[in-house]
Amino acid sequence: MLYSPVPMHIPDNFLSIAVSLICWAITAVTLGIAISRTNKSLGEKQVPLMGVMAAFIFAAQMINFPVLGGTSGHLLGGVLAAITLGPWAGMLVMTAVIAVQGLLFQDGGLIVMGANILNMGILTCAVGYGLYRSVLGSNRTVKLAVIGVAAWLSVMAGALSTALQIWLSGNAEVQIIVPAMLFVHAFIGLGEALITVAAIVFILRSRPDLLGEGSESAQGSKGWILTGVLITLAVVLLSPFASASPDGLERVAEDLGFINIAQSAPYEVIPDYTIPFLGTTPISTIVAGVIGVIVVLAIVFIVGRSMQSKIVNHKS
């Protein structure tokens, strides 16, 4: 079925102002640490990889895959980002993706953006890298198995955090929303695990140096960057064929009766991943996706270069 993606992240009014502000505070402190730590370790060859990874995750999140009856899920990508870039740079990449989704595509609320970054970016990177780090000296089979488990757990952690935030906001009973969110996201997590492991296998076969294996002489080469961009654009071309079913949070909100309290963004730029004058057509979704990829890639590259310049100036 041809499909134009619908908002997938927490919308405004699902969370109270107090809960939103607490999430913003936690997110701001964590990102401050992430910026400081990345500033100390960011290498010249890492910046292009951050840009390509951000663009790929953005594109992959546009494709909802079906799970259960009438429900869909999509890649979060935090584990993939953390493993390939490190946890701190991974958090910054995820923040860029989620911010562009909210500000440019009205995917997720503005007041609750701190919660979306916390749930989908910070928690997923922390969980993923924490488990992956425990098996760094193991063989590939063990690593891939742990990566799959980490990807699944990252989805569960994000779902649990979201459920607790909605409960604390007074919009659902904890004994109802927690099991509901965990049940549906347990299946979504399987998709996350399969996609993450498949991506890591591809990297290990084509560029193992990016994961600290093999020779590092080719890291950051233009060929790898071009390949990553082409794969990302290929993913965007598949976006009109995503599942039209509501995602896990939407399904739970519908079933528990609080979907109608969601508030739309006060403005529209490229709403619901469609170009207004092109309507809800496949080409509209593809063009919107290409724009998103370019914007995310540019933002991460510019921020990365800026951080890199500060490192050089500090050393000099």
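Here's what I pulled together on the structure shown here. Quantities reported herein were computed from a predicted structural model and do not represent experimental measurements.

Definitions and limits used
- Residues numbered from 1 in each chain as written.
- Predicted model: local features only at pLDDT ≥ 70, side-chain atom pairs only at ≥ 80, totals over all residues.
- Heavy atoms only, no water.
- Core = buried A, V, L, I, M, F, W, Y, C linked by side-chain atoms within 4.5 Å.
- Buried < 20%, exposed > 50% of the residue type's maximum accessible area, 1.4 Å probe, protein only.
- Helix = DSSP H or I, 4+ residues; strand = E, 2+ residues; numbered from the N terminus.
- Phe/Tyr/Trp six-rings, centres within 6.5 Å; stacked < 30°, edge-to-face > 60°.
- Axes fitted to C-alpha atoms, helices over the stretch in contact; angles between N-to-C directions.
- Left-handed = near helix turned anticlockwise from the far one by under 90°.
- Contact = heavy atoms within 4.5 Å.
- Nonpolar A, V, L, I, M, F, W, Y, C, P; charged D, E, K, R; others polar.

## Some thoughts on the nonpolar core
Inside soluble globular proteins, nonpolar side chains tend to come together where they are buried. F58, F105, I166 and I177 are the most contacted members of the largest nonpolar core, which has 87 residues in total. For this core, the element with the highest residue contribution is helix 4 (residues 87-105), accounting for 12 residues.

## Here's the deal with the packing of aromatic side chains
For the structure shown, the criterion picks out 6 aromatic pairs. On the numbers, 6.4 Å between centres and 55 degrees between planes, the contact of Y129 with Y132 is tilted. In this pair, Y129 and Y132 are both assigned in helix 5 (residues 113-133), 3 residues apart and thus about one turn of the helix distant. Residue classification places Y132 among the buried positions, given a relative accessible area of 6%. Judged by centre distance (5.3 Å) and plane angle (75 degrees), the ring pair of F183 and F187 falls under edge-to-face. With F183 and F187 both in helix 7 (residues 174-206), this residue pair falls 4 residues apart, about one helical turn. A relative accessible area of 32% means that F187 is categorised as partly exposed.

## Regarding the packing of helix 7 against helix 9 (residues 248-256)
Where helix 7 meets helix 9, the closest approach of the two axes is 9 Å, and the angle between their N-to-C directions is 145 degrees. Considering only the axes of helix 7 and helix 9, their crossing is right-handed. Residues I176, I177, A180, M181, V184, H185 and I188 of helix 7 form the contact with helix 9, whose participating residues are G248, L249, V252 and L256. A per-class count over the contact of helix 7 with helix 9 returns 9 nonpolar, 2 polar and no charged.

Read these as spatial facts, not as claims about activity.
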